[in-house]
Amino acid sequence: MNEAGHQQRALNIERSLQDLGDPVTHPHNHSVLIECYWGAAFHWIVVGCMRKHQWHTDSHAGLVGRLKQLGEAQVAADWGQLETLRTGGWYTYQDSLADVQAAEQCWQRIRSWATS
Amino acid sequence: MGNKLSQADHTDHTDHTDHTDHTVRGNNRARKEPVPVPDGADRPITPIPWLDEETEHFLRHALSLLIERCPDLQAAILYGSVARRTARPLNDPHPSDVDVLLIFLPEGDLDTVSAAQRAAVSWAKVDVIDQYPQARDLQFMPTLFDLARWDTSFIENVARDGILLWARSSLPAPFNALRQGTEGAAERTDTVDAVETAREGGAHATL
């Protein structure tokens, strides 16, 4: 997938996030919302890495270490948090409103980085 | 003495419009005044003899940073396939991660892991990960001491298979049977009872 494709995937997932509604009134969507923030952030990371470092990946395995190698420690830390939130939300029922908001903040920072 | 928050220098891409302090890899309170090294910070971390050397060093390094930076970190418990000694090997196309449950005291009156605690957990790994390129990945899972909102089967699994890597003081009730060290990890058959006791209003846990 090229840069435009990754960006479109991110935008599509963000539309899905809108469709899922307000997490305050739709608490049953929390884990899916976290998953979507994780997915959108991944595609924005790929976009950012292609733009800033001419590096592409289609895998999230080992991404924290690779981002650190690229000098993107803040992005690595945000991605690391999203990985933890995703695991917690999907597998251990840790999907409170605060967890959704934490995922949203990480996604927002990654998106800002990728598009700056 | 105290925290080492100022040792690392990272570029901060944060736009500073949100309310989370992402420049702090520890406790937000630590930047305002020196935090003394708390009791238990110098306790040893349990070695895991069957873990490869590089991953062992990665785990100990990242966990040591967390212990120094987070006075509210109470314990670290190894769980999952590495604890059970069923991990996929490093030369597998998808080697198993190292799963570690991190038990924090709540920050203020929060009933969930705080943003600062989450950031500290993530930064402890990021700060050292490039020193261990061949290591297994670490999956740090933060939670609060009361274990509220956790699936009981997950707690039972951790209580049964977990290995206490480090603790500052007491453990949540379901994990009281855990002992620091790797001896007898598979012999803790009383832990399901501990979970049941906690569910009925044990001293520490609210399940």
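In this text, all values refer to a predicted model and were calculated from it rather than measured experimentally.

1. Quick look at the nonpolar core
Trp 79 of chain A together with Leu 102 of chain B are the most contacted members of the largest nonpolar core, which totals 74 residues. The contact partners of Trp 79 of chain A, leaving out residues within four places of it in the chain, are Trp 38, Ala 41, Phe 42, Ile 45, His 60, Leu 63, Val 64, Leu 67 and Ile 110 of chain A. Within the second largest apolar cluster, 18 residues are counted, among which are Phe 145, Leu 147, Phe 175 and Leu 178 of chain B.

2. Quick look at the confidence of the model for chain B
Residue and element names in this part refer to chain B. In this model, chain B carries an average pLDDT of 75, and 66% of its residues clear a pLDDT of 70 or more. Per-residue pLDDT stays below 50 along residues 1-38; that stretch engages in 63 contacts with residues further than four places along the chain or on separate chains. Segment residues 186-207 is flagged for pLDDT under 50; beyond a separation of four residues in sequence, or across chains, it makes 42 contacts in the model. Per the prediction output, this complex has pTM 0.79; the corresponding ipTM is 0.90.

3. Comments concerning the layout of surface pockets
If you add up the space inside the largest pocket, you get close to 1,100 Å³. If you trace the largest pocket, you find 39 residues lining it, with Pro 95, Ser 96, Asp 97, Asp 137 and Gln 139 of chain B closest to the centre. Elements that contribute at least two residues to the lining of the largest pocket include exactly helix H3 (63-69) and helix H4 (73-91) of chain A together with helix H2 (81-84), strand S3 (138-144) and helix H4 (152-161) of chain B. Looking at the lining of the largest pocket residue by residue, the class counts come to 14 nonpolar, 13 polar and 12 charged.

4. Describing the packing of H4 of chain A against helix H5 (residues 97-115) of chain A
All names here are of chain A. In contact at an axis separation of 9 Å, H4 and H5 are set at 150° when each is read in the N-to-C sense. Put simply, H4 runs roughly antiparallel to H5. For the pair H4 and H5, the crossing hand works out as left-handed. Between H4 and H5, the residues in contact are Gln 74, Val 75, Asp 78, Trp 79, Gln 81, Leu 82 and Leu 85 and Asp 99, Ala 102, Ala 103, Cys 106, Trp 107, Arg 109, Ile 110 and Trp 113, respectively. For the contact of H4 with H5, the class distribution of residues is 10 nonpolar, 2 polar and 3 charged.

Each value, and the rule that gives it
Residues numbered from 1 in each chain as written. Chains lettered and ligands numbered in written order. Predicted model: local features only at pLDDT ≥ 70, side-chain atom pairs only at ≥ 80, totals over all residues. Heavy atoms only, no water. Core = buried A, V, L, I, M, F, W, Y, C linked by side-chain atoms within 4.5 Å. Buried < 20%, exposed > 50% of the residue type's maximum accessible area, 1.4 Å probe, protein only. Contact = heavy atoms within 4.5 Å. pLDDT = per-residue confidence, 0-100. 1 Å grid on protein atoms, 1.4 Å probe; cavity = no way out; pocket = protein on both sides within 12 Å on 5 of 7 lines; lining within 4 Å. Points joined across faces, edges and corners; volume = space filled by probe spheres on them. Helix = DSSP H or I, 4+ residues; strand = E, 2+ residues; numbered from the N terminus. Nonpolar A, V, L, I, M, F, W, Y, C, P; charged D, E, K, R; others polar. Axes fitted to C-alpha atoms, helices over the stretch in contact; angles between N-to-C directions. Parallel < 35°, antiparallel > 145°, perpendicular 65-115°, else oblique. Left-handed = near helix turned anticlockwise from the far one by under 90°.

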